[in-house]
Amino acid sequence: MAEKFDHLEEHLEKFVENIRQLGIIVSDFQPSSQAGLNQKLNFIVTGLQDIDKCRQQLHDITVPLEVFEYIDQGRNPQLYTKECLERALAKNEQVKGKIDTMKLPRISGRTEPQAVSCAGVE
Amino acid sequence: MKTTDARHPDRAGAEKTMENFSALFGAQADPPPPPTALGFGPGKPPPPPPPPPGGGPGTAQPPTAATAPPGADKSAAGCGPFYLMRELPGSTELTGSTNLITHYNLEHSYNKFCGKKVKEKLSNFLPDLPGMIDLPGSHDNSSLRSLIEKPPILGGSFNPITGTMLAGFRLHTGPLPEQCRLMHIQPPKKKNKHKHKQSRTQDPVPPETPSDSDHKKKKKKKEEDPERKRKKKEKKKKKNRHSPDHPGVGSSQASSSSSLR
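This structure is a prediction, so every number in the text was calculated from the model and none was measured. (Residues numbered from 1 in each chain as written. Chains lettered and ligands numbered in written order. Predicted model: local features only at pLDDT ≥ 70, side-chain atom pairs only at ≥ 80, totals over all residues. Heavy atoms only, no water.)

## A short note on helix α2 (residues 34-57) of chain A
Part 1: In a regular helix each residue adds 1.5 Å, so 24 residues correspond to 34 Å; α2(A) covers 36 Å between its end C-alpha atoms and thus fits that length.
Part 2: Along α2(A), the residues classified as buried are A:Gln34, A:Leu37, A:Asn38, A:Lys40, A:Leu41, A:Ile44, A:Val45, A:Gly47, A:Ile51 and A:Cys54.
Part 3: Check the buried side of α2(A) and you find it contacts α1 (2-27) and β1 (28-29) of chain A together with α7 (163-166) of chain B. (Helix = DSSP H or I, 4+ residues; strand = E, 2+ residues; numbered from the N terminus. Expected span 1.5 Å × (residues − 1). Buried < 20%, exposed > 50% of the residue type's maximum accessible area, 1.4 Å probe, protein only. Contact = heavy atoms within 4.5 Å.)

## Quick word on the pattern of salt bridges
Part 1: A complete count under the given rule lists eight salt bridges over all chains for this structure.
Part 2: Between A:Glu69 and B:Arg145 there is a salt bridge, with the nearest N and O atoms lying 3.8 Å from each other. With A:Glu69 in helix α3 (residues 65-72) and B:Arg145 in helix α6 (residues 144-149), the pair connects residues from two separate chains.
Part 3: Classification of A:Glu69 by relative accessible area gives partly exposed; the value is 36%.
Part 4: Look at B:Arg145 and you get partly exposed, because its relative accessible area is 32%.
Part 5: Measuring nitrogen to oxygen at the nearest pair gives 3.9 Å for the salt bridge that ties A:Glu83 to A:Arg75.
Part 6: For A:Glu83, a relative accessible area of 30% gives the class partly exposed. (Salt bridge = Lys/Arg side-chain N within 4 Å of Asp/Glu carboxyl O.)

## Things to note about the interface of chain B and chain A
Part 1: Counting residues at the interface gives 46 residues for chain B and 43 residues for chain A.
Part 2: Buried area between chain B and chain A, both sides added, is near 3900 Å², and the carbon and sulfur share of it is 68%.
Part 3: For the pair chain B and chain A, the interface holds two salt bridges.
Part 4: With a closest N to O distance of 2.9 Å, B:Glu120 and A:Arg75 form a salt bridge.
Part 5: Seen at the junction of chain B and chain A, the total is 14 residue pairs in polar contact (both at pLDDT 80 or more).
Part 6: Mapped by element, the contributors of at least two residues to the side of chain B that touches chain A are α1 (12-25), α3 (100-103), α4 (107-115), α5 (122-125), α6 and β1 (174-175) of chain B.
Part 7: Among the elements that make up the side of chain B that touches chain A, the one with the highest residue count is α4(B) (four residues).
Part 8: Among the residues forming the side of chain B that touches chain A, the class breakdown is 26 nonpolar, 14 polar and six charged. (Buried area = accessible area lost by both parts, 1.4 Å probe. Polar contact = N/O pair within 3.5 Å; in protein donor to acceptor, adjacent residues only side chain to side chain. Nonpolar A, V, L, I, M, F, W, Y, C, P; charged D, E, K, R; others polar.)

## Some details on the confidence of the model for chain A
Part 1: Per-residue pLDDT for chain A averages 86, and the proportion of residues at 70 or more is 85%.
Part 2: When pLDDT is averaged over each element of chain A, helix α4 (residues 78-103) of chain A comes out on top at 93 and β1(A) at the bottom at 90. (pLDDT = per-residue confidence, 0-100.)

## Examining the environment of A:Thr81
Part 1: Note on placement: A:Thr81 falls in helix α4.
Part 2: Taking the C-alpha atoms as reference points, A:Thr81 and A:Val67, 14 residues apart in sequence, are found 8.7 Å from one another.

## A word on the side chain of A:Gln34
Part 1: Relative to the helices and strands, A:Gln34 resides in helix α2.
Part 2: Here A:Gln34 is in contact with A:Phe29, B:Leu166, B:Phe169, B:Arg170 and B:Leu171, once residues within four sequence places are set aside.

## What to know about unusual backbone geometry
For residues that are not glycine, phi is negative in most cases, and the peptide bond is trans in most cases.
All names here are of chain B.
Part 1: In this structure, Leu84 takes a positive phi of about 70° despite not being glycine.
Part 2: Looking at the element boundaries, Leu84 is found in the loop between α2 (74-77) and α3.
Part 3: Residue Leu84 is classed as partly exposed on the basis of its relative accessible area of 34%.
Part 4: Look at Asn105: it is not a glycine, yet its phi comes out positive at around 55°.
Part 5: Tracing the backbone through its elements, the reader meets Asn105 in the loop between α3 and α4.

## Thoughts on the nonpolar core
Part 1: Counting 14 residues, the largest nonpolar core has A:Leu8, A:Leu22, A:Leu37, A:Leu41, A:Ile44 and B:Ile161 as its most contacted members.
Part 2: Secondary structure elements with two or more residues in this core: α1 and α2 of chain A.
Part 3: At six residues, α2(A) tops the list of elements feeding residues into this core.
Part 4: Discounting chain neighbours no more than four positions away, the residues touching A:Leu22 are A:Leu37, A:Lys40, A:Leu41 and A:Ile44. (Core = buried A, V, L, I, M, F, W, Y, C linked by side-chain atoms within 4.5 Å.)

Given below as structure tokens:
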């Protein structure tokens, strides 16, 4: 499983580096750079083909949409994982507290809960 | 029979239970008490109960029977000896009383993310990614959300660019206009404390530019500024030492002259 991510990561890094170099060529273009520019443009197409091949191996991977909100805000997506764990722990403690209070006997000393009567309902 | 609370009219759950109570009593009205119970003589026989709204065979039903309406809750119909007492949920070994993080072996992940301080910026997660990635995606329409909501329409396959197509990528010589230069600016990287102290006296670090010659010139200027200041200070000190007004200099010169003699 980790290999699939490693392949994709490698292809993405190469693709980003290729685009960065393309940007450098374009920022101060010279006629002699045309061949290099054409090569980089073809590398973009091959890079996209490689990334598209990786997609078939990762079709069962699901990503929560909330992570994209973090990325769009320029925040570290690991903060989402951290907040999920903190929320899970807080909820776990809350439910544990409820279960423990339900197990305790009643305050008045009765050990069995009373049956609810329907007489008060009109 | 429906009961509604004026203060809380939207209590759907309460209305449901009330509907079940109405089902308990049935759609038909209670039959009137016999006249003998009230101390009167035998009167007219009580009218037959009205047929149920569903109709069908067997319309003569006892009034005490719980005639459920057609749209009744199935769970209420399948209950035990007590009405509205539903079946209890099955007991499970895993409940909220157990520590689920240890149960699912997430202790390492918890310590990793919650034990240490996780940095806020996206550039700390992807340090090798070029460009200004800490900015929100809405600034330059590069958000992932917009990509999901409006996916681009693609042809289906990636075909290599032919020679005739590459003719369209012939560019003009020279640098880019200033509007497009912002794409290459990267955020200034953090420096060490010693360098940071020196940089306080200097001007703020300008962003990196694609041309190396400007970068080198700026580096040279940075190096020359503190050196120039130091040299100026040293010169001033020397001048002050060798001046006749300086008290320390005169005595030292007299002592040196006397020793030579």
